[in-house]
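So the chains spell out like this:
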Amino acid sequence: MIVYQKRFIEMVKSTGLTLLDVANVIKSSKRRLMRKLKSKDRFNYFESKRIIDLFGADKMVSVINWKAINVRCPF
């Protein structure tokens, strides 16, 4: 899963969490999470699943970069 950096950070802030909280949920460091967001790197399956479980699919639909993963948005 590839996400839009700005939208992802805005969503995290709007829910009252920090990037460190998200990094802990996906069992990563904040530095690695930031590097992944800046370089538009993919989250692996387990990281993606944990992020979607944390925020919910409804919020993640607008954050996922569907074109980058060659998938048409299902909604």
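Before any of the text, the structure's been laid out above.
Residues numbered from 1 in each chain as written. Predicted model: local features only at pLDDT ≥ 70, side-chain atom pairs only at ≥ 80, totals over all residues. Heavy atoms only, no water.

Engineer: So, the pattern of salt bridges: which residues are in play, and what are the values?
Structural biologist: Evaluation of the coordinates by the stated rule reveals 3 salt bridges. The partner of Arg32 in a salt bridge is Glu47, and the shortest N-O contact between them spans 3.1 Å. Placement of the pair is Arg32 in helix H3 (residues 30-38) and Glu47 in helix H4 (residues 45-55), with a sequence separation of 15 residues. In this structure Glu47 comes out as buried when scored by relative accessible area, which is 4%. For Lys36, the salt bridge goes to Glu47, with nearest N and O atoms at 2.9 Å. Of the two residues, Lys36 sits in helix H3 while Glu47 sits in helix H4, which places them 11 residues apart along the sequence. Here Lys36 matches Glu47 in class, with each residue buried. (Salt bridge = Lys/Arg side-chain N within 4 Å of Asp/Glu carboxyl O. Helix = DSSP H or I, 4+ residues; strand = E, 2+ residues; numbered from the N terminus. Buried < 20%, exposed > 50% of the residue type's maximum accessible area, 1.4 Å probe, protein only.)

Engineer: How would you sum up H4? Please name residues and give values.
Structural biologist: Residues lying three or four places apart along an α-helix face the same way, a consequence of the helix completing one turn every 3.6 residues. When we look at burial in H4, the residues that qualify are Glu47, Ser48, Ile51 and Phe55. The buried residues of H4 occupy an angular sector of 100° when the element is viewed end-on, so they sit on one face. Away from its buried face by more than 90 degrees, H4 exposes Tyr45, Phe46 and Asp53. Where H4 is buried, its residues touch helix H1 (5-14), helix H2 (19-25), H3 and helix H5 (57-60). The N-capping residue of H4, defined by a side-chain oxygen 3.1 Å from the backbone nitrogen of Phe46, is Asn44. Immediately downstream of H4, the backbone of Gly56 shows phi near 90°, a positive value. (Arc of directions from axis to C-beta. Contact = heavy atoms within 4.5 Å. Polar contact = N/O pair within 3.5 Å; in protein donor to acceptor, adjacent residues only side chain to side chain.)

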